[in-house]
Structures are given as structure tokens and as C-alpha cells.
Amino acid sequence: MASVSIVDLLSSSPDFTLLVRVLQRTGLIPVLNMARNVTFFAPSDQVLKKLPTDVDIPTLLQYLIITDPIVAANLTEEEAVYFSYLRAPAAPDVPLPLRVQHLPPSQPSRADDVGMQLVIGSGAARVVKHDWVADNGVIQIVDALVPLPDTLCDTVARSAYTGDRQLFSQLFVKHPMICFLLQHAQDTATLLVPVDSAFDVLNDVELSYLMLNAGHDDRLRFIGNHFLYSSVYRQNDTLGLGTNVPSMSGAMVNIRKSKRAIIFNGNVEAIESDIVLQNGVIHTLPALLTPWSFFEFTPRKYLYGLKATQFADELLFHKYESVLDDTHRVQTIFAPVDIVGSDTPVSTKSLQYHFTDSLIDGLDESIVLPSRLSLQSLGGRHQHIRVTTNKYGDVLVNGKAKVLRAPLRIGKTAIIPIDRALDLPPPLVFAMGSILEARTSLQMLQSLGLLDSEGVKGWTVFAPDDAAWENLGSVAKFIQGSPEAAKEVVCSLMFTEPIYSYDFNSADAVDYETATGTRVSIKTDDSKASISFRMGTSESVVPLKSVDVLFDGGVIHTISSIPIPDSVKITPRQLLEAEHITAFVELLETASLAKDVIADDSQYVILAPLDADLAVANITTATVDLTTQMGLHILRRRSIQGNSFLSDRSIYDTLVSGVCMTVISNLSDDMYELRITSHPSVTSVQPVRVLSRGVTTSGSEIYVIDRVIPIAAIIPDKIPTWWRAHGVLVGLGASGGILAMVLVGMFWFMIIYRGGRNSRRRQSSNGSDKGFVRFRRSFSGSGRSIIINANGSDEEEDDDDDDDAIGENTPFLRRAASGRLGSRVNIEDFGDVDEDAEEVELPSRSNKHSSV
């Protein structure tokens with residue numbers, strides 16, 4: 001019986017007429033006739049007719065000729081890789097692989113009767129008729145041609161931007177030399193590609209380091225461990241019992257086959273196997289083949305990963321390798337990252353200032369810690385670094401450099417990235433100038449010549465803030481006006497060694513030497529919110545404000561109260577002189593009170609008016625009762641020592657016998673009401689504004705007030721007792737009587753006025769005088785009326801001017817006028833009148849006319 005070849009079967013079917021013609025033209029008929037035990041995945045004429053004209057059909061048909069017989073009914077593997085007659089352009093000596101898979105049961109609609117699907121590279125063709133067996137092979141009818149797969153390097157490059165293999169692909173493409181060597185060798189390779197989630201074992205800094213030029217060597221070693229110099233497919237017979245394959249980096253990779261996948265190094269099972277390519281194969285992995293320790297991360301690598309490249313390069317230039325590569329050294333590095341415009345430390349001194357020999361795990365609270373930099377300006381001690389948090393929640397180092405993230409740990413080293421290099425602390429004058437609330441202390445240090453950095457080496461300055469000086473009132477004015485006192489006070493708050501906040505001890509007081517050579521004991525409360533100074537026999541507890549403000553020769557702490565050392569004696573006379581109170585002192589001396597009241601050991605409360613107020617009140621040395629007047633301004637406490645006069649509301653006796661005083665209310669910040677009692681029934685309230693205040697060493701309180709307390713405040717009113725009880729009723733009665741008298745007077749005035757008018761009228765009617773009116777030639781708006789005035793009065797009506805209102809032959813005195821003075825009458829009531837007449841005589845009452 002004659003044999004039937006693959007070509008014979010194709011020629012016998014009208015569905016493959018065009019295919020056979022193409023095989024003839026491309027010279028593939030002899031290849032198929034001479035082949036033995038091959039598989040041809042044959043497209044029908046309908047498939048060929050749909051292809052674009054630019055498709056290389058001969059090459060694609062050759063790719064579909066497989067060197068092994070594939071019978072669908074005999075397939076036992078879910079997938080397998082076979083080799084075609086076509087040689088790969090990228091590896092001419094290696095046949096191009098073709099991947100064949102069973103269609104998953106979840107997609108039965110795409111399967112033929114045996115559930116088979118052809119998959120290759122990025123395209124897929126489906127078997128529509130299977131197992132057409134010829135004597136020299138098998139024909140599988142497919143519904144599409146299969147495009148040639150890409151090269152390994154092209155596939156990886158595309159994966160760098162899409163899919164779940166981006167991270168490894170981005171690392172791989174940074175080494176184009178690998179692809180160059182692979183292409184030059186015209187050989188195949190296996191690439192083991194971890195998916196992106198496999199890189200979760202690395203933090204963002206470690207991954208960043210591998211992506212940078214600084215990570216070149218580690219990156220190449222890492223890729224080399226995932227790159228094999230031969231193609232390894234799942235169905236290779238040698239993989240059954242496991243085999244070791246050398247990687248590009250020289251490390252051996254153990255490979256064995258499981259029922260469904262390939263397992264690498266014993267426990268990494270491939271997610272997807274046999275992604276075939278022209279010159280190799282890819283297997284995707286769920287984990288890295290290298291452990292985390294493979295990378296041997298160090299502080300140096302972390303610096304590069306943080307993009308603190310300039311800082312790291314400077315450290316290497318200054319021979320800091322041992323510090324940067326030692327993971328067992330306890331240290332914290334403040335690393336300025338590469339930001340455009342930021343400064344990079346270049347000197348050894350400034351580089352050392354970025355290191356501290358302590359480990360910082362968190363930045364939840366403000367801290368101050370010594371750096372690795374020791375300075376002569378600190379007496380050979382280490383300069384410190386201060387970490388604080390501002391009101392916006394930003395963590396700042398030395399008040400300027402912003403911390404960009406939490407500390408990173410690598411071994412026993414912590415790295416804190418900051419946005420700029422650390423500046424060394426400035427001289428004392430600039431450090432004090434940065435404390436806005438301590439300008440007064442700065443001015444005093446300047447005036448005393450204490451800002452010289454050469455004279456301040458390793459010191460601590462407790463600087464009172466402006467409010468502390470203001471609260472001292474007159475005492476501050478005295479101190480600022482006395483260089484000796486100022487130096488004693490300021491120098492008693494300057495210590496000859498640096499004392500940082502972590503040195504504050506709440507359990508036991510610690511003695512320190514001041515700039516004056518004296519010893520002062522310091523102790524804080526448990527919260528370190530206040531600090532206690534014991535200076536000789538006196539102890540003062542003052543609130544702490546800002547702490548650990550660094551300068552080149554030490555540290556500054558601000559306080560909101562001022563302890564006065566025992567060596568500074570403050571007397572009443574000094575405070576009064578500081579306030580320029582001279583007239584009051586002179587009056588005290590005239591009244592023979594000064595010797596006792598303003599003595600150095602005085603404990604009186606002194607209310608001292610300004611000189612101008614004494615002048616306004618006309619209080620002079622010649623004033624009568626001067627002793628009494630001045631005595632009202634001098635008080636002494638009845639009870640035991642308590643709070644200040646203005647705050648404890650106690651009763652104070654004045655130097656005037658029987659007169660006492662107390663504060664009854666605080667009207668405002670400086671305005672008070674004083675109750676002065678000189679008799680059980682005689683009290684007065686005096687408002688007083690306190691302009692300044694101060695306390696002497698002996699406890700005397702000096703208050704500068706804005707007015708004189710009048711002596712009238714203690715003089716009883718000379719008023720009978722019955723008047724005090726009934727004065728209001730008597731006052732009301734008197735007021736009523738006065739009102740009645742006024743009404744009676746008005747009544748009589750009206751009677752007299754009316755009587756005078758009647759008398760004149762009677763005289764007019766009995767005599768020969770006639771009343772007359774003066775009229776204007778301008779009458780009323782109608783021109784027919786005038787105003788009646790008596791006896792040539794100058795009153796005239798303020799009416800519209802109408803000089804032509806009276807004409808010739810105007811009847812004027814036709815009728816007598818009737819009415820009162822000032823009334824309006826009609827001109828028709830009078831007879832004819834000359835138009836030039838200025839006055840008209842009117843008939844009297846006896847002529848039957850009304851009088852005018």
C-alpha cells in the first residue's frame with residue numbers, strides 16, 4: 001500500500017489549495033516530504049486569505065513545522081515546549097521553540113473536541129481539527145498563524161513599564177552589556193524574573209540603592225544570580241531528580257521539576273514557566289533567589305539609597321570608609337539629601353558634626369545629644385545637636401534642618417535624612433539674638449562686655465526673658481543702671497561648664513561654679529518645667545522657658561524669673577532713685593521719716609507718688625500736716641509675712657495713728673481700689689494706678705503711683721447726725737419750695753404785664769392821640785391786607801414785595817380796623833389812601849372803630 005504524506009493529505013482537501021500552492025512557491029514541499037515524525041500546524045485557506053500582505057508567510061509556516069509528532073490524544077502534560085524547523089534569528093544555531101498547552105477547563109468554548117490550544121509568545125492559535133495522521137507525521141489544523149516570539153532582551157525591556165515584572169526589568173535594563181554579550185554569543189539563556197511583590201523584602205531605600213549607579217555592583221550580582229547561560233524548560237529530563245545549573249554570577253542554582261511547575265533552590269516554585277523567546281526562556285518567580293543578607297547593606301549603601309550622594313562622596317573623600325561600612329558601630333548619622341541649592345558640608349569639622357555616638361530610634365520628643373565633633377571653643381568638649389518639633393509638627397535639627405522621615409536602622413546605625421547640612425552653632429551674640437524674648441538680656445551682656453567668645457568657652461548661660469526683667473520693675477531699673485549690680489546678677493547665671501537639659505537632676509541638687517567664682521546649686525522638678533537656684537542662703541525656683549539653645553562655646557537656657565544673689569543688696573533708697581523719685585524722698589526727710597522708712601533694712605510698704613503729682617497736689621516742705629500727709633503713703637503689715645500688698649488683701653496700718661489701708665479690688669492690670677479707714681464710721685475709697693513696683697532685699701515693697709493720697713480721705717465730715725439720717729428728705733423739701741416760688745413769680749409777672757397793656761389802651765381812648773399803623777407798599781400775596789402796628793412801630797410783615805399793590809383811588813379807610821396788634825386786616829376796611837403815604841392814622845375807639 002502506498003504511503004500517504006502530509007502533503008498528500010493537504011492536497012486531497014479543497015480547504016488547503018492555497019496553502020499547498022504557498023508551500024510549493026516557498027520550497028517547503030520537499031521539506032515536508034522528507035520529514036519524518038513531524039507535526040505541521042496547518043492553517044486553512046481562509047486563514048491565509050485574511051493575512052495582511054506584509055506578513056512573512058514562508059517564515060511563519062516553517063515555524064509551524066515541529067520536529068516531534070504531537071498527537072492530542074497522547075498528550076500527558078498540561079504544557080510542553082517543542083522545537084520547530086525554523087532557526088531563531090537571534091540564535092541561528094538553535095531551533096525556535098514552540099509552546100503547546102492544554103486549554104484550561106474554564107474556557108471550553110475555545111477548545112476543540114480534545115481541549116487543545118496552541119500558545120506561543122504574545123500570540124495564540126487554536127487547534128480546530130486535531131490528529132490528521134499521515135505516514136510521516138501529524139497535521140493539526142489551526143485557526144491562525146503564530147507570530148515569532150521576541151528576543152529575551154526586548155521582552156524584558158517592555159516589562160519595565162507594564163505588568164507585574166517591572167522592578168526586576170528596570171534593574172535588568174540598566175545593564176545593556178548582558179544583552180550585548182547574549183546577542184554576540186548567538187546562544188540562549190534562562191532568565192528567572194521575580195514579580196514585583198517579591199521585592200517587598202527590601203525597603204524603599206534598599207531598592208533605591210539598587211536602582212542607582214552606586215548600586216551597580218550589587219545589582220549586577222543580583223541579576224547574575226537570576227540569569228542562566230542555557231535554556232531550561234520544565235519537561236527537560238534532567239530536571240526530574242534535580243540538577244544544579246551555574247548562574248551568570250557563578251552561584252549554583254538548584255532546579256527540579258514538580259508536577260505543575262519548576263522549583264528553584266528548593267522552595268521557590270515558578271508562578272509561570274516556559275515563556276519561550278527567540279533566544280531563551282523566562283520563568284516568573286514569587287520570591288527572590290537571593291536572601292536579604294546577599295546585598296550586605298551598610299550605612300554607606302543606605303546613604304546612597306536616600307540620595308545623600310554628595311554627603312556620602314564627601315565622607316569617602318575624607319576617609320570615612322570604616323565608619324560607613326561598619327554595621328556594628330552604635331551611631332546616628334544626620335544625612336543631608338541631595339536638594340538643589342542645599343549646602344553640602346566639605347570640611348572634616350562639619351562632617352563630624354553630622355555624627356553622634358548614640359542611637360536614635362524615634363523623634364517623638366525634643367532631645368539634645370553630643371555630636372562626634374569636639375571643639376576648642378568648648379574646652380575640648382563635644383558640640384551638641386538639638387532636635388525639636390515646631391508648632392506645625394515638623395521635626396527640626398538645630399532649628400533649621402528639617403527631618404524628612406523617621407530614623408532608618410541598618411545594624412546598630414540609625415540614619416536620619418535631613419533637607420540641608422547642619423550649621424555649626426553660632427557665637428553667643430548671634431545665638432542670643434535668635435531668642436526673640438531675651439533681647440534685654442542680650443543688651444545687658446553686650447553692655448557688660450560678656451559676649452566675647454574667647455572668654456566664654458564651655459559655658460552655660462541662663463538668660464532671663466524680657467518678661468522676667470519687666471516683672472522686676474524698679475529692681476530691673478536699678479540693676480540696669482548699676483554696672484556692678486548688673487554684673488553680679490548676670491554672672492551669677494553664667495556657669496563655667498556646659499549644662500544641658502539632660503544634665504538637670506530632679507533627685508539631688510548639683511553644685512556648679514559661676515562666672516563670679518561662687519558656687520550655685522541647681523535642681524529641677526520632675527517635669528523639668530522649673531529650676532531651683534540656691535545662691536548662698538537664698539533659694540529661688542524659676543520657670544524654664546527655652547532650653548538647649550546652642551552656641552559655639554556652650555548652651556543657653558531662658559528663664560522667666562530672675563534670682564538675685566545675696567551679694568546684690570537692694571535698698572528702698574536705691575529703688576526710689578532708679579525711678580527718679582526725689583521730691584517724695586525730700587518730703588520724707590523733712591517729715592523726719594526717711595531715716596526709718598527708707599533705711600536699708602526697712603520692711604515698709606511705700607506708695608511713692610511721682611514728683612509731678614506732688615507738685616500738682618501742692619505738697620511741699622511747707623505743707624501743713626506734712627507728717628500726716630506722708631504717713632498715708634507708708635504702710636506696715638499687721639499680720640505675719642505674706643504675699644505682696646497688692647495681692648494678699650491684708651489690712652495694713654499707715655504711719656498715721658488709727659488709719660489703715662487695704663486693697664479691695666483690681667480694676668485692671670495696674671489699677672487698684674484702696675479702702676482707707678480712719679474711724680469705724682469713716683472710710684473712703686481711692687483709685688490708684690501702679691506705675692512701677694519693686695522689692696528690696698529686706699522685703700520692703702516700693703510702689704510708684706500716679707497720684708497723691710489726699711489727707712481729706714481721713715478727715716471726718718462735720719455734719720450733724722440728724723442730717724446724715726434725714727438729709728435726703730430735707731433736700732427734696734427744699735427743692736419743692738424753690739419750684740413753688742418760681743411759679744408764683746411767673747404768675748405775678750404775667751399780671752403786671754397785662755395790666756400795663758390795658759393802661760395804654762385806656763389812655764389812647766381818652767386822649768387826642770390816635771393810633772396809627774406803618775405799612776409797607778408791599779402787602780400780602782393777595783395785595784389786599786396789611787399788618788397793624790402801634791405807634792409807629794418798625795414791625796413789618798415779611799411778605800412778598802409787590803410795590804404796585806396799592807393804586808390810585810384804593811379804598812383804604814372805608815372801614816375801621818378791628819383786631820390786636822400785629823393782626824392782619826383788609827385794606828378795603830379803610831378809606832382812600834395816598835399811594836405814597838407811609839403812615840395812616842386810624843380812628844379811635846370813640847369813633848366806633850376798634851382800637852389799635
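Residues numbered from 1 in each chain as written. Predicted model: local features only at pLDDT ≥ 70, side-chain atom pairs only at ≥ 80, totals over all residues. Heavy atoms only, no water.

1. Side note on the sheet that holds strand β15 (residues 280-285)
Here four strands make up an open sheet; going across it, the order is β9-β8-β15-β14 and the pairing mixed. Two strands lie at the open edges of the sheet, namely β9 (227-228) and β14 (272-277), each paired on one side alone. Here strand β8 (residues 189-194) pairs with β15 via six bridges, running parallel. Residue Leu191 lies in a different strand from β15, and its bridge partner there is Ile282. Along the sheet face, helix α7 (residues 166-173) touches β8 and β9 and points at about 130° away from the line of β8. (Pairing = 2+ DSSP bridges. Helix = DSSP H or I, 4+ residues; strand = E, 2+ residues; numbered from the N terminus. Contact = heavy atoms within 4.5 Å. Axes fitted to C-alpha atoms, helices over the stretch in contact; angles between N-to-C directions.)

2. Re the packing of helix α6 (residues 152-159) against α7
Contact geometry for α6 and α7: axes closest at 8 Å, N-to-C directions at 125°. Compared by their axis directions, α6 and α7 come out oblique. Read as a crossing pair, α6 and α7 show a hand that is left-handed. Where α6 approaches α7, its residues Leu152, Cys153, Val156, Ala157 and Ser159 are matched on the opposing element by Gln166, Ser169, Phe172 and Val173. (Parallel < 35°, antiparallel > 145°, perpendicular 65-115°, else oblique. Left-handed = near helix turned anticlockwise from the far one by under 90°.)

3. Here we look at the pairing of β8
Buried residues dominate β8, accounting for six of its six residues. What you see with β8 is no split at all: Ala189, Leu191 and Val193 on one side and Thr190, Leu192 and Pro194 on the other are buried throughout. For β8 and β9, the ladder comprises two bridges, and the chain directions are antiparallel. Among the inter-strand pairings, Thr190 is bridged to a residue of β9, identified as Leu228. (Buried < 20%, exposed > 50% of the residue type's maximum accessible area, 1.4 Å probe, protein only.)

4. Points about the packing of aromatic side chains
This model, assessed by the stated rule, comprises 20 aromatic pairs. Ring plane angle 25° and centroid distance 6.4 Å describe the contact between Phe168 and Phe172, whose orientation is recorded as stacked. Placement of the pair is Phe168 and Phe172 together in helix α7, with a separation of four residues, close to one helical turn. Classification of Phe168 by relative accessible area gives buried; the value is 0%. In this structure Phe172 comes out as buried when scored by relative accessible area, which is 1%. With a centroid separation of 5.7 Å and 45° between ring planes, the pair formed by Trp292 and Phe297 is classed as tilted. Aromatic ring contacts, followed pair by pair, group Phe168, Phe172, Phe199, Tyr209, Phe222, Trp292, Phe294, Phe295, Phe297 and Tyr302 into a single cluster. (Phe/Tyr/Trp six-rings, centres within 6.5 Å; stacked < 30°, edge-to-face > 60°.)

5. What to know about the environment of Gln629
Mapped onto the elements of the fold, Gln629 is located in helix α24 (residues 626-631). In this structure the C-alpha to C-alpha distance between Gln629 and Ile709, which are 80 residues apart in sequence, comes to 7.8 Å. Not counting residues up to four positions away in its chain, the partners in contact with Gln629 are Ile619, Val708, Ile709, Pro710 and Ile711.

6. Notes on a nonpolar patch on the surface
Where nonpolar side chains cluster on the molecular surface, the patch consists of Ile738, Leu739, Val742, Leu743 and Met746 and spans about 510 Å² of accessible area. Relative to the helices and strands, Leu743 resides in helix α26 (residues 721-766). Of the residues examined, Leu743 reaches a relative accessible area of 52% and is grouped as exposed. (Patch = residues over 30% accessible without salt bridge, like charges linked within 9 Å, V, L, I, M, F, W, Y side chains within 5 Å. Areas by Shrake-Rupley, 256 points an atom, 1.4 Å probe, with all protein chains shown as cover. Salt bridge = Lys/Arg side-chain N within 4 Å of Asp/Glu carboxyl O.)

7. Notes on the nonpolar core
Among the nonpolar cores identified, the biggest contains 58 residues, and Met432, Ile479, Ile556, Phe584, Leu588 and Ile606 are the most heavily contacted of them. Among residues more than four places away in sequence, those in contact with Phe584 are Ile606, Leu607, Ala608, Pro609, Asp611, Leu614, Met630, His633 and Ile634. The next biggest cluster of nonpolar side chains, apart from the first, holds 50 residues, and it includes Val156, Leu182, Phe355 and Ile410. (Core = buried A, V, L, I, M, F, W, Y, C linked by side-chain atoms within 4.5 Å.)

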